[in-house]
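Here's the letter readout for the chains.
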Amino acid sequence: MRGPVGILVALLVVLFVANSVMFTVKEWEQVVITHFGEPVRVIREPGLYFKLPEPVQRINLFDKRLLEYDSDPSTIPTKDKKFVVLDNFARWRIVQPKVFLRALRTQTEALARLDQIIFSEMRNELGQHLQIEIVSESREELMRKVAERANEAARPYGIEVVDVRVKRADFPPE
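Topic: the pattern of salt bridges
Line of reasoning, step 1. Following the criterion strictly, the structure yields 15 salt bridges and no others.
Line of reasoning, step 2. In this structure, Glu 140 and Arg 165 form a salt bridge, with 2.5 Å as the shortest nitrogen-oxygen distance. One end of the pair, Glu 140, is in helix 5 (residues 139-154); the other, Arg 165, is in strand 9 (residues 159-170), and 25 residues separate them in sequence.
Line of reasoning, step 3. Residue Arg 165 is classed as partly exposed on the basis of its relative accessible area, which comes to 27%.
Line of reasoning, step 4. By sharing partners, the salt bridges in this structure join Lys 51, Glu 54 and Arg 58 into a single network.

What follows is the structure in structure tokens.
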């Protein structure tokens, strides 16, 4: 009786230890392994990997795919002292996971930072143009410039802004 119980307990211990030192990375994920909170290794390829048990090393999973940022509508002043209500969205991705982990830690923090960056770049760029240009004439070119500048501003956070688009451009209610 003691033999089968001992084997079962030993098997459970081995499975528990194996589960705490092995992990898988899916093809849409990238992982930063931290050793006592300090990033030590980045894994971008899918597969089975090993690490030290949980209190010593932790895994931080980040998505490699394009992610979506969707802002709330905001009022932006134009060059001709009029206002435009813009509802915009952006596509972005984490390109430097170690930098991203140090600077922002989570996608929620990244979205908050992107909100600040993109809104600032929108105000700067659209404030130099007339309302009619923004609403109809050169919106495509303006959004390309906003995306380029937002990408430059987001680079120190390990983020690449791929595209910024306007969903809706309206005149204010007044």
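Remarks on the sheet that holds strand 5 (residues 57-63)
Line of reasoning, step 1. Strand order in the open sheet formed by three strands is 3-2-5, and the pairing between neighbours is antiparallel. Both edges of this open sheet fall to strand 3 (38-43) and strand 5, since each of them pairs with a single strand only. When the angles between neighbouring strand axes are averaged without regard to direction, this sheet yields 30 degrees.
Line of reasoning, step 2. Here strand 2 (residues 29-35) pairs with strand 5 via seven bridges, running antiparallel. Residue pairing in the sheet places His 35 in a bridge with Gln 57 of strand 5.

Here we look at helix 3 (residues 107-126)
Line of reasoning, step 1. An ideal rise of 1.5 Å per residue puts 28 Å on 20 residues; helix 3 measures up with 27 Å between its terminal C-alpha atoms.
Line of reasoning, step 2. The set of residues buried in helix 3 consists of Ala 110, Leu 114, Ile 117, Ile 118, Glu 121, Met 122, Glu 125 and Leu 126. The buried side chains of helix 3 occupy one side of the element, clustering within an arc of 135 degrees when seen end-on.

Parameters and conventions
- Residues numbered from 1 in each chain as written.
- Predicted model: local features only at pLDDT ≥ 70, side-chain atom pairs only at ≥ 80, totals over all residues.
- Heavy atoms only, no water.
- Salt bridge = Lys/Arg side-chain N within 4 Å of Asp/Glu carboxyl O.
- Helix = DSSP H or I, 4+ residues; strand = E, 2+ residues; numbered from the N terminus.
- Buried < 20%, exposed > 50% of the residue type's maximum accessible area, 1.4 Å probe, protein only.
- Pairing = 2+ DSSP bridges.
- Axes fitted to C-alpha atoms, helices over the stretch in contact; angles between N-to-C directions.
- Expected span 1.5 Å × (residues − 1).
- Arc of directions from axis to C-beta.

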